[in-house]
Every structure is written in C-alpha cells, then in structure tokens.
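Overview (structure and organization)
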Amino acid sequence: MIIVPLGVASATPTAKRHLSSTALWRDGSVYLFDCGENAQMRALQAGLKRSKIDHIFISHMDGDHFFGLPGLISTMQLQRRENNLYIYGPEGLKEFIAASLKAAGIELTFEIVFKELKDGFEHEIILDDPEYYVEARPLEHKSLCIGYRFQEKDKPGKVDAKKAEEMGISEDAQFKALKAGEDVTLEDGTVVHSADIVGEPKKGDSFAYVTDTLFSVNSLKLAYKASVLYHEATFDQNLKDKAEETYHSTAEDAATIAQKAEVQRLVITHFSARYTNQFVLLKEARKIFPDTWVATELRPIMTDPEHERGIIKAKIPIEPIQKPGGGRSGGGRPRSGGGGKGKYFRPRKRYDDRGGRGGGGRSYDNRGGGGRSYDNRGGGGRNYDNRGGGGRSYDNRGGDNRGGGRSYDNRGGDNRGGGRSYDNRGSGRSYDNRAGGGRSYDNRGGGRDYDNRGSGGRDYDNRGGSGRSYDNRGSGGRDYDNRGGGRDNDNRNRRYDNRDSRDDRYDNRNREQQNRDRDRNSNSDKDNDQSNLPIKPRAPFDDFDRF
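Nothing here was measured: the structure is a model prediction, and the numbers come from that model. (Residues numbered from 1 in each chain as written. Predicted model: local features only at pLDDT ≥ 70, side-chain atom pairs only at ≥ 80, totals over all residues. Heavy atoms only, no water.)

**Regarding helix α3 (residues 69–78)**
Most of α3 is tucked away, with 7 of its 10 residues classed as buried. If you check which residues of α3 are buried, you get Leu69, Pro70, Leu72, Ile73, Thr75, Met76 and Gln77. Positioned one or two residues after α3, Arg80 has a phi angle of 60 degrees, which is positive. (Buried < 20%, exposed > 50% of the residue type's maximum accessible area, 1.4 Å probe, protein only. Helix = DSSP H or I, 4+ residues; strand = E, 2+ residues; numbered from the N terminus.)

**Side note on helix α1 (residues 39–46)**
Ala39, Arg42, Ala43, Gln45 and Ala46 are the residues of α1 that are buried. Across the axial projection of α1, the buried residues extend over an arc of 165 degrees, all falling on one side. Tucked inside the fold, the buried residues of α1 contact β1 (2–7), β2 (21–26) and β3 (29–35). In the stretch just after α1, Gly47 is the one whose phi turns positive, near 90 degrees. (Arc of directions from axis to C-beta. Contact = heavy atoms within 4.5 Å.)

**Considering the side chain of Glu152**
Within the secondary structure, Glu152 sits in strand β9 (residues 146–152). In terms of polar contacts, Glu152 uses its side chain to reach the side chain of Arg26, at 2.8 Å. Not counting chain neighbours up to four residues away, the residues in contact with Glu152 comprise Met1, Arg26, Glu131, Tyr132, Gly204 and Asp205. (Polar contact = N/O pair within 3.5 Å; in protein donor to acceptor, adjacent residues only side chain to side chain.)

**A closer look at the nonpolar core**
Nonpolar side chains in soluble globular proteins tend to end up buried together. Grouped together as the largest cluster of nonpolar side chains are 55 residues, with contacts concentrated most on Phe33, Phe57, Tyr148, Phe150, Phe207, Leu229 and Ile268. Considering every element that reaches this core, the biggest residue donor is helix α10 (residues 251–261), with 6 residues. With residues up to four places along the chain from it excluded, the contact list for Phe150 reads Met1, Leu24, Arg26, Tyr31, Phe33, Tyr132, Tyr133, Val134, Asp205, Ser206 and Phe207. Among the nonpolar cores identified, the runner-up in size contains 30 residues, and Ala23, Val30, Leu85 and Ile112 belong to it. (Core = buried A, V, L, I, M, F, W, Y, C linked by side-chain atoms within 4.5 Å.)

**Thoughts on the confidence of the model for the protein**
Here the protein averages 74 in pLDDT, while 59% of its residues score no lower than 70. In the model, residues 325–345 has pLDDT below 50 throughout and makes 41 contacts with residues more than four positions away in sequence or in other chains. Contacts of residues 351–506 to residues separated by more than four positions or lying in other chains number 276 contacts, the stretch itself having pLDDT below 50. (pLDDT = per-residue confidence, 0-100.)

**Observations concerning the sheet that holds β1**
With mixed pairing, the 7 strands of this open sheet are ordered in space as β6-β5-β4-β3-β2-β1-β16. For this open sheet the edge positions go to β6 (112–117) and β16 (301–302), each flanked by a neighbour on one side alone. Bridge count for β1 against β2 is 5 bridges, and the pairing is antiparallel. Bridge assignment links Pro5 to a residue of β2, and that residue is Thr22. α1 contacts β1, β2 and β3 of the sheet and is inclined by roughly 135 degrees relative to β1. (Pairing = 2+ DSSP bridges. Axes fitted to C-alpha atoms, helices over the stretch in contact; angles between N-to-C directions.)

**What about the sheet that holds strand β13 (residues 228–232)?**
Here we have 7 strands laid out as an open sheet, ordered β7-β8-β9-β12-β13-β14-β15, and mixed in their pairing. Each edge of the open sheet is held by one strand with a lone partner, namely β7 (124–128) and β15 (292–294). Ignoring which end each strand starts from, the neighbouring axes of this sheet average 20 degrees apart. Summarising the sheet, β13 and strand β14 (residues 266–269) pair through 4 bridges and their orientation is parallel. Looking across to β14, one finds that Tyr230 is bridged to Val267. On the sheet, helix α11 (residues 279–286) packs against β14 and β15 and is oriented at approximately 170 degrees with respect to β15.

**Quick word on the packing of aromatic side chains**
In this description, an aromatic ring pair is defined by two values, namely the gap between the centres and the angle between the planes. According to the stated counting rule, one finds 15 aromatic pairs in the structure shown. Between Phe33 and Tyr209 the ring centres are 5.5 Å apart and the planes differ by 35 degrees, which places this aromatic pair in the tilted class. Placement of the pair is Phe33 in strand β3 and Tyr209 in strand β12 (residues 206–210), with a sequence separation of 176 residues. Tyr209 carries the same exposure label as Phe33, and that label is buried. (Phe/Tyr/Trp six-rings, centres within 6.5 Å; stacked < 30°, edge-to-face > 60°.)

**Comments concerning the pattern of salt bridges**
Going through the model one piece at a time under the given rule, you end up with 10 salt bridges. With its nearest N and O atoms 3.1 Å apart, the salt bridge here joins Lys153 to Asp128. In this pair, Lys153 sits in the loop between β9 and α5 (161–166) while Asp128 sits in strand β7, placing the two residues 25 residues apart along the sequence. Since its relative accessible area comes to 30%, Lys153 is described here as partly exposed. In this structure, Asp291 engages Arg265 in a salt bridge whose closest nitrogen and oxygen atoms are separated by 3.9 Å. On the criterion of sequence distance, the pair formed by Asp291 in the loop between α11 and β15 and Arg265 in the loop between α10 and β14 is long-range, its members being 26 residues apart. Taking relative accessible area as the criterion, Asp291 reaches 32% and is therefore assigned partly exposed. (Salt bridge = Lys/Arg side-chain N within 4 Å of Asp/Glu carboxyl O.)

**Topic: the packing of α3 against helix α4 (residues 93–104)**
Packing of α3 against α4 brings their axes to within 10 Å, and their N-to-C directions diverge by 60 degrees. It follows from the interaxial angle that α3 and α4 lie oblique. The hand of the α3/α4 crossing is right-handed. The residues of α4 that touch α3, namely those facing Leu69, Pro70 and Ile73, are Leu93, Phe96, Ile97, Ser100 and Leu101. Considered class by class, the residues forming the contact of α3 with α4 number 7 nonpolar, 1 polar and no charged. (Parallel < 35°, antiparallel > 145°, perpendicular 65-115°, else oblique. Left-handed = near helix turned anticlockwise from the far one by under 90°. Nonpolar A, V, L, I, M, F, W, Y, C, P; charged D, E, K, R; others polar.)

**So, the environment of Arg274**
Along the chain, the position of Arg274 falls in the loop between β14 and α11. Sequence separation between Arg274 and Phe235 is 39 residues; the distance between their C-alpha atoms is 9.0 Å.

The structure is reproduced here in structure tokens:
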C-alpha cells in the first residue's frame, strides 16, 4: 500500500500547493480520496495512471474537495473508458456530476455507480472486497463530512509444510484449505486443525483519512491502530479559536488523535494558506506524537518500503524536504519562524545608497559616483539630476549652461550657446533672447546670428563688416579673424571672440540660486524621512470567511 499526496492545501491553492486530493495505490489499482481541482494533472505527474482509478471517495461538499471530478470524468471519457466508476460521498454528488456533464454536452460510454450517504448515518461498510474493505463514519463539520478507513483483511500465516506432511497432508487442496483457516479431515478420520499447521495470520495494513473536522470520537475510531493516519492540520494552536469557528483541527489535535488511537504513523495535511512553512505545524505535532510526517505533494508514503520502493516514480521533480524553523509561520508569529535561517525571501535591492559616495553600480541616489545614477550631482554619465555638469540634464537649476545639451529646467543659467532651452524669457523662437526676435540664441542685435553685437547678417561676432565672418574686424569675405584680407584662418586658436578663457563660459553666475536649491533639497530629504512614522500591520488573514 502506497499513499501519494496530490494536493495538501486547504480552501485555496497556493503557488506550491494544490487542493485536497490523495491517491492510494494497491496492487496496481488506484483509489482516490477527494478530488480537488487539478487532481488528475497531479496524478499524471505522480506517475499514476488515471485509467486505474476505479473508486473515488469524497469527504464533503466543499468545492476544494470535489471540483476536480468533472474534469477527471471528461478525461476518462476521452480515453474511451469502459469499466464502471464508483463514487462514494454525501448526498448531492450525483446531481452535481449530472449537471456538469449536461452543461458540457458529454454522454458517457461507461457507467458511474454512486453510493451516497445521508446526513445522520453512524457507520457503514461502503466497499467490501475479498482482500480489503472501506468503512465510513461521520465527522464534526458544518455540513456532512465523512471520514474513511481503508483496511486490508488479515492475510493467512505461513504453512509449515514439513509438519503438514508428517500429519498426512499431501494434496494441494488440503494445503489451501488449511491456509484458508479450515480444518481438514483425512481418510482415516484424523482431523488436522489449521491452527496446528498454519502460523499466525499477518495483519493487513490500514489507512485512515480524516479531514475537515473538530476533535471527535469517530476520528479516534477510524484511526485506531492504523498503519497511517492521514489527518488534517489546518491551523496551529495559536489559532485554536479560528479552528473551532471553522470546524477544523490544529496540528496538536491531530497529534492527540494519533497518540490516543495508537497509530503507527501520523501524516498531517490540509494546511492553511497563511503557513508558507508547514514545518511550524510539524514541530507542534511532534511535541505530542514524535512519529509525525508532513505530507509533501507527489512524495510517496510506503507501508512496506522494502518491497514498494521504486514502484511509484514522479514525472517531475518533487519539492525537497525543508528543515523545520524557516519561513513565515503565520498566526501572528514573526516572519522568521523558528530561527530565521530558513527564510525563502529574495534580498531587496537598495535604491537609496547614500553611504557610498564614491562607488559606481546602478545606484538610484548616488551623489558621488559614476555608473547609471539618477541623482548624480557630481559625476558625468547619464544622470537625471546633474546640477553641475553638462550632458542631458533634466534639472539644471544653477549652471550657466552656455554650451550644455538639452536643458529641461534651466532657471538660473544664461544659455547663450546651449541647445534647446525650455525656459525662454525672450520672444520669438529664441531660447534666451532678451533683446530681439528671430531664431537666435543670444542675439542682442538682430538677424539669425548667435552673438552679433554689431550688425546683421549671419555672423557670430562681426563688429566690423558684413558677410559670414566670425570675427572680422577689418574686411569682408569668409574669414574668421582676417584683418588684412583673403581667407586667412588666423583665428587665435579657433576662438569666436571669446576674450576670456573657455572655462569662463561655464561660469555659474547664479551660485546663490544653486546654494538655495541645495538647501531646499536638504530640507526636502528631512521632510521625506519616514523612519519615525508608525508601522501599520498588514491586513490579517482572519478577514477571510473560510480556510
């Protein structure tokens, strides 16, 4: 007998847990206990053939325990199933399946045999086979909830062949009769008793399935001396009130049942979504019943590992067994659970690294270093708040950006030579044209020149003549600094009448404005400091109606 958990979540699935469903494998046949959504897919991933499922046992009519039935039945139809399918559970199952198939327009080629139990029943053997039987008992829940026990019948002991021959047993039919527990009468009238030849019978294994219930007497009866008790543990003891309100058990309740019923092994399941680390519940249960396991989806639980190992092989990787103590515990406990070493959280990226003034990297508030910084007051690169330097500045409040790129907010600068300024106090299509119109950038005179203090034309610094000269004090033509004539390119180091040094062109005439901006930013940082604000807790999971 091999038990395979297919889903261990309660009420709602999570990223790693599926809704309630458990498969029991025995001699090639598969028995399904509850059938939550995605149960058929999990069975396929576990390495179980859906065509081998002949009996399905539903505990109660909560959707997370039976909504997977229509899909599974549809798949069986597509696989051209011919054998009967037997479904056991509370009243209403037959009506639900019929309505689902009718809505989907599915006509089955095989028969479904329903065995529905009415509210108020006490105990019933719902399946009796020569080798096993299944009994059902009601549990303590809001609606009728049924617990099941799959019990193998005791197997006959070994026959002492040598002793049987000495007593006159020689025929095969006589051996079979003795092994079946029948006495055999020889031809001479001698009676050979089965108990004298056959050893002690081998007790059959048993599996008790108990879910969605308060602590109850029927849970004890179903679990009594079971090989495996598969019991729900929705909450821990800190949420005992919540468990009683929703008619569920805690891990301590499950362990108490296991201890009193003298089971061989307890396996807890049906975990609330608030427990990202179910080992918190395992730790609580083991304080009372040490031989407790936690159900892990697709991981087989074998009653005879020596002979059953390797029979069931999952088709996908199984979640590794974690160590108790890590993860979020829920129920009002700290996020670190038992010790903090088992956290499964990705470290956060630091977006405000004010400590490293010199470092690079992808810092979002790195006032000192390079890289791709978004608030880099000092260095170059592609910065978005570069109060000092050039480049593509988005907030250049202080600089005298005579040569700087595309300024978006140049409040302080005198942008005589620089790109496309958006703060244009002049007229026309000029960007810093305090005097005249046209498309000049700093044209105190007129026309389309950039620094023409004298006359018109398209010159940049032509105090004397006309034409397209840049510094032509003497005569016309296209020269740059030609006092005599011709195309003399004596331009005094290619200056455009920049009588001061080139560094003076970046002279920030508005240092006071720049300092005021920095002081304002400093005060803004203080205003944005939220270190002393009260911490508001997250909305509790108890706001949900049911788990």
